[in-house]
Structures are given as structure tokens and as C-alpha cells.
Amino acid sequence: MRLKIVAGNWKMNNTINEAQTLIIKTLQQSPKIGANQLTIFAVPFPFLYTASNFVKEKSQFAVAAQNCSSYAKGAFTGEVSATMLASLGIPFCLVGHSERRTIFNENAEVLIEKMKQLLKNRIRPIWCCGENLEQRNTNAHFEVIAAQLKAELFTLDKEEFKNVIIAYEPIWAIGTGLTASATQAQEMHQFIRNEIAINYDLEVANQTTILYGGSCNAENAKELFSLADVDGGLIGGASLQPESFVKLISSMHELH
Ligand code: PEP
């Protein structure tokens, strides 16, 4: 059975005190979820160590970094390497979030290097893809996602690829309050799974966790998480309050 994930992407939010409160309350209030389900806190770099200590020995929780360097080590002031993340025991890292692509100009070449660094350090990339509003409105969304898959993910060999989690996040839905409809989400997730089957094989495709992201909240999560090819969510705004994040975790728990 595929791994089901509810991952909170805090972005550049919270102080250390707020971070601790959010994690403690989420741990206290979350239902006990199944062995194939995971809750992830994707926290800013300064909170990784503390967050990791909170989830230590709690198998249903894990911590992710939101970014890493494309370089291995050395004179790169301000960068954080995958090796450093691995030395903290961080098991996951976001790669290619649309904010990194658009605000920080990260392109395919850089994102492939980041994934390689992570995989070398046994950290699982959570690779994000998504089309913008113009691409959706001109019906170019499948083409855009196919191109992102080909240029970035499908450069990995099969064994490398098996470690990747995908997050489909239509850019027009991120932080906007607009969510993909159940039909839009399911057809894109199915499309991505089919592309994986063509590029690798059906078994790999069926084992790949594909998350939905984009204004997913306590109200719409159940419908989205119940779709055949949606294996959970990458959650921004709604992961910043324990009440809403726990509701999202519970939605997943009640379905699987
Ligand atoms: C995100 O940034 O990954 C995201 C999905 O944000 P939001 O849930 O706020 O749209």
C-alpha cells in the first residue's frame, strides 16, 4: 500500500516558541494513524533540530527541511547542505516549491543537483510541480507537468526515483483560497502516475506517493484525500494552526 502523507509547509513563519507550541499541540491532539500514514512538519532551518527531537521515536511523525543547497560543501555562505540535514537525521526535504522556482529562480539544473545531493545523503525529496493560471486557462497544464517531469524527475534512474514523493501544486491554488476541483486534482494525479508508468514501470507508478497542494484545508481535505490517485496533501496556511492541521490529519486517518 502507498504511503499516505499530510505534510505541513510552514514556509517562513513562526518563532521558536510558536514552533514548539504548534508541534506539541499537534502531537497531543492528533489521532493515532495507521502504519502507512505519516504526518510531516516542513519547518525552517533554525527549527529542524528542535522539531526532530519532538518527533523522535514517534513513528507517525517526521520532520522535513524546506530547501537544501545544490552544492555538497565548502565556500557557499548562507547555504545548508544535504549532508548537514542528514547529520540531524532529517528524512525528507522539499525541492522545487513554486516559491523557490519563481522568487529564487531555481531551474531544472539546480533542482536536479539538489535532488542528487539529497539522495546521496539518503534524504527523500518531496518534489513539487504545478502550472500557473495562464497555463491552466490555455489548457496547457498537462503539457507543463509532463515537461517538468521529463526535465527534472525523469533524469533520475529507477532506484533513485523510488525515493521521491511528488506534490502536485497548481500555482494558481497556492495561498489563494482557490482549490483544484476533485476532477481537476484526480485527472492530473492520474496523468502523473501514468507518466511514471510509461517512464519507469507500473509497479513504481503504483508505489509513488502523489500529494495535492494548494489551499487545501479542513473543509475540502476529505474530498481531495478520498480521490483514487491523491495520497494526501502538502499544506501551507492550514498547517500553521494546530486545530486546522489536526483536522487535516484526521481527514486522512478517517479515510484509510
Ligand atoms: C504550499 O505552499 O505548499 C501550499 C500548498 O500553500 P497553501 O496551502 O497555503 O495554499
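Everything discussed here concerns the structure shown above.
These remarks concern the structure in this document. (Residues numbered from 1 in each chain as written. Predicted model: local features only at pLDDT ≥ 70, side-chain atom pairs only at ≥ 80, totals over all residues. Heavy atoms only, no water.)

## A look at the site of the ligand
In the neighbourhood of the ligand, 14 residues make up the surrounding shell, with Lys11, His97, Glu169, Gly175 and Ser215 lying closest. A distance of 2.7 Å separates an oxygen atom of the ligand from a polar atom in the side chain of Glu169. A distance of 2.8 Å separates an oxygen atom of the ligand from a polar atom in the backbone of Gly236. Contact with the protein chains removes 95% of the 290 Å² of surface that the ligand exposes when unbound. Here the residues of the shell around the ligand are counted per class, giving four nonpolar, eight polar and two charged. (Near = heavy atom within 4 Å. Polar contact = N/O pair within 3.5 Å; in protein donor to acceptor, adjacent residues only side chain to side chain. Areas by Shrake-Rupley, 256 points an atom, 1.4 Å probe, with all protein chains shown as cover. Nonpolar A, V, L, I, M, F, W, Y, C, P; charged D, E, K, R; others polar.)

## Considerations on the pattern of salt bridges
A complete count under the given rule lists 13 salt bridges for this structure. Between Arg2 and Asp231 there is a salt bridge, with its nearest N and O atoms 2.9 Å apart. Of this pair, Arg2 sits in the segment before β1 (4-9) while Asp231 sits in the loop between α11 (221-225) and β8 (232-235), and the two are 229 residues apart along the sequence. Exposure class is identical for Arg2 and Asp231. Each is buried. For Asp231, the salt bridge is made with Lys4, and the minimal N-O distance between the two is 3.0 Å. (Salt bridge = Lys/Arg side-chain N within 4 Å of Asp/Glu carboxyl O. Helix = DSSP H or I, 4+ residues; strand = E, 2+ residues; numbered from the N terminus. Buried < 20%, exposed > 50% of the residue type's maximum accessible area, 1.4 Å probe, protein only.)

## Re the pairing of strand β3 (residues 61-65)
Where a strand is regular, its side chains alternate between the two sheet faces. In terms of burial, β3 is a largely internal element, five of the five residues being buried. Sheet topology places strand β2 (residues 37-43) next to β3; five bridges connect them, and they run parallel. Following the sheet pairing, Val43 is matched in β3 by Ala65. Between the parallel elements β2 and β3, the chain passes through helix α2 (residues 48-55) in a crossover that is right-handed. (Pairing = 2+ DSSP bridges. Right-handed = clockwise from strand over helix to strand, strands pointing away.)

## A look at the nonpolar core
In this structure, Leu85, Leu153, Ile166, Ile192, Ile196 and Phe225 are the most contacted members of the largest nonpolar core, which totals 65 residues. Looking at which element gives the most residues to this core, the answer is helix α9 (residues 182-199), with six residues. Of all hydrophobic cores here, the second largest spans 15 residues; its members include Ala7, Cys128, Ile165 and Leu234. (Core = buried A, V, L, I, M, F, W, Y, C linked by side-chain atoms within 4.5 Å.)

Honestly, that's just the spatial picture; any functional story needs more than this.
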